[in-house]
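For reference, the chains in residue letters:
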Amino acid sequence: MRLRIAVLTGAGISAESGIPTFRGAGGLWERYKLEELASPEAFRRDPKLVWEWYDYRRLKIKEAEPNRGHRLLASMEEEFPNFTLITQNVDGLHQRAGSKRVIELHGNIWKLRCTRCTYEDFNYEAPLKVLPPACPSCGGLLRPGVVWFGESLPIDALEEAYRAAKASDVFLVVGTSGMVYPAAQLPIEAKERGAYLIEVNPEETPLSPYMDTCIREKASVGVEKALELIRSHLQRA
Ligand code: OAD
């Protein structure tokens, strides 16, 4: 049987690369006010402040390296012909670890998008020379290519993620608090269609009650255990 595997990752997969998560102890939303930094209103009010925060995060991400959890997920793409990786992360570490196909639900921090014209492109400079950066095409204000609170998710990515979730035999959830929708709906959809659900997270989450197996480990260890479970047990089922 060709096992169809879908994976949803969140900030926890990058925690061991030194990138802070959003919620929980030491999380970004403990120190910063979400509504002052990650919303269209915040950007309208103070684009420079918002850009300073994103520029700082870009720098931290640039200095970071993908970890074992990212690399194991990249190896799963090679091992299983029917494999879909969905992430809420904007850091691009899955791609740097070797994942070729990544559905990015919340955009990508390396993408810059013009607020005036249709310009958008990747820019890996960190720190940026001028904040806020200007559009090389029309001089308009550039914004980070991420999804802010109150904004819609990219429709193509969301549809593709739903398709993969609904078709999956195994749905693996790694390092997400399961608090942000619609991403958190994906494992629930998968479960309703009969998928086997596995969670890798040191903490319990609102998604835990839906799980068939909870692996209470950090991603570097937990993804390996999930992989063993899939190989030894589920693949034979
Ligand atoms: P959160 O910060 O909400 O949750 C991170 C989860 O990772 C928690 O459940 C932790 O227990 C878990 N965790 C911590 N260290 C871990 C490790 N080493 N291995 C595995 N798990 C670990 O992050 P997300 O669920 O990704 O939205 O947050 C969802 C969205 O909320 C983000 O995409 C972002 C944020 O606001 C946008 O930017 C739109």
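Everything quoted here is computed from the prediction, not taken from an experiment.

A.B. asks: Which parts of the structure should I look at to understand the pairing of strand β2 (residues 83-87)?
C.D. replies: The element β2 is largely enclosed, with a buried count of five among its five residues. Neither face of β2 is exposed, since F83, L85 and T87 on one face and T84 and I86 on the opposite face are all buried. Pairing geometry for strand β1 (residues 5-9) and β2, over five bridges, is parallel. The residue bridging I5 from the neighbouring strand is F83, located in β2. Summarising the sheet, β2 and strand β3 (residues 102-104) pair through three bridges and their orientation is parallel. Looking at β3, one finds that T87 is bridged to E104.

A.B. asks: Whenever I open this one, the layout of surface pockets confuses me. Can you help?
C.D. replies: When its volume is computed, the second largest pocket comes out at roughly 230 Å³. The wall of the second largest pocket is formed by 15 residues, among which G107, K111, R113, G145 and P154 lie closest to the centre. Every element with two or more residues in the lining of the second largest pocket is listed here: β4 (107-114) and β6 (142-146). Among the elements that make up the lining of the second largest pocket, the one with the highest residue count is β4 (four residues). Here the residues of the lining of the second largest pocket are counted per class, giving five nonpolar, four polar and six charged. Each of domain 1 (5-17 + 66-106 + 152-236) and domain 2 (27-63 + 109-146) accounts for three or more of the residues forming the lining of the second largest pocket.

A.B. asks: Can you help me understand the sheet that holds strand β8 (residues 196-200) in this one?
C.D. replies: Each strand in a sheet pairs with another by means of backbone hydrogen bonds, the pair being arranged parallel or else antiparallel. The six strands are arranged β3-β2-β1-β7-β8-β9 in an open sheet whose pairing can be described as parallel. Two strands bound the open sheet, and with one partner strand each, they are β3 and β9 (213-215). The average angle at which neighbouring strand axes cross in this sheet is 20°, direction not considered. Here β8 runs beside β9; their pairing, made up of three bridges, is parallel. Bridge pairing links I198 to T213 in β9. Running over the sheet, helix α6 (residues 68-79) touches β1, β2 and β7 (170-174) and is turned about 150° from β2. Sitting on the sheet, helix α8 (residues 155-167) touches β1, β2, β3 and β7, and the angle it makes with β3 is about 125°.

A.B. asks: Sorry, what's going on with the packing of aromatic side chains here?
C.D. replies: Remark: the centre distance and the inter-plane angle together describe each pair of aromatic rings, the angle taken between the planes. Applying the stated rule across the entire model yields five aromatic pairs. Taking 5.1 Å as the distance between ring centres and 40° as the angle between the ring planes, the aromatic pair formed by F43 and W148 counts as tilted. With a gap of 105 residues between them, F43 in helix α4 (residues 40-45) and W148 in the loop between β6 and α8 connect regions that are remote in the sequence. Looking at F43, the relative accessible area reads 6%, which means it is buried.

A.B. asks: Please explain unusual backbone geometry as it appears in this structure.
C.D. replies: With glycine set apart, most residues show a phi of negative sign, and most peptide bonds adopt trans. The omega torsion across L131 and P132 is -5°, close enough to zero to call that bond cis. Relative to the helices and strands, P132 is located in the loop between β5 (120-122) and β6. Here the amide bond leading from Y181 into P182 is cis, since omega sits at 10°, within 30 degrees of zero. Looking at the element boundaries, P182 is found in the loop between β7 and α9 (185-192).

A.B. asks: Would you explain the site of the ligand in this entry?
C.D. replies: Neighbouring the ligand are 22 residues, the closest being F22, R23, T176, S177 and N201. Note that an oxygen atom of the ligand is positioned 2.8 Å from one of the backbone N or O atoms of A11. Contacts to the ligand include F22, whose backbone N or O atom sits 2.6 Å from an oxygen atom.

A.B. asks: For this particular structure, what's the right way to read the pattern of salt bridges?
C.D. replies: Once their charged atoms are close, side chains differing in charge can pair, the charge on each being opposite to the other. Taken as a whole and assessed by the stated rule, the structure comprises 15 salt bridges. The closest approach of N and O atoms between R96 and E65, which form a salt bridge, is 3.9 Å. With R96 in helix α7 (residues 93-96) and E65 in the loop between α5 (47-63) and α6, this pair connects stretches of sequence that are 31 residues apart. Close ionic contact of E217 with K225 constitutes a salt bridge, the shortest N to O distance being 2.8 Å.

A.B. asks: Can you help me understand the nonpolar core in this one?
C.D. replies: One broad trend across soluble globular proteins is that nonpolar side chains are buried collectively. Counting residues in each nonpolar core, the largest one holds 25 residues, and the members touching the most others are V50, W51, W53, Y54, I109, V146 and W148. Of all elements in the fold, only α2 (28-31), α4, α5, β4 and β6 reach the threshold of two or more residues within this core. The contact partners of W148, leaving out residues within four places of it in the chain, are L37, A38, S39, P40, F43, V50, Y54 and R143. Among the nonpolar cores identified, the runner-up in size contains 24 residues, and F80, F83, I198 and L234 belong to it.

The rules behind the values
Residues numbered from 1 in each chain as written. Predicted model: local features only at pLDDT ≥ 70, side-chain atom pairs only at ≥ 80, totals over all residues. Heavy atoms only, no water. Buried < 20%, exposed > 50% of the residue type's maximum accessible area, 1.4 Å probe, protein only. Helix = DSSP H or I, 4+ residues; strand = E, 2+ residues; numbered from the N terminus. Pairing = 2+ DSSP bridges. 1 Å grid on protein atoms, 1.4 Å probe; cavity = no way out; pocket = protein on both sides within 12 Å on 5 of 7 lines; lining within 4 Å. Points joined across faces, edges and corners; volume = space filled by probe spheres on them. Nonpolar A, V, L, I, M, F, W, Y, C, P; charged D, E, K, R; others polar. Domains from an automatic or database assignment. Axes fitted to C-alpha atoms, helices over the stretch in contact; angles between N-to-C directions. Contact = heavy atoms within 4.5 Å. Phe/Tyr/Trp six-rings, centres within 6.5 Å; stacked < 30°, edge-to-face > 60°. Near = heavy atom within 4 Å. Polar contact = N/O pair within 3.5 Å; in protein donor to acceptor, adjacent residues only side chain to side chain. Salt bridge = Lys/Arg side-chain N within 4 Å of Asp/Glu carboxyl O. Core = buried A, V, L, I, M, F, W, Y, C linked by side-chain atoms within 4.5 Å.

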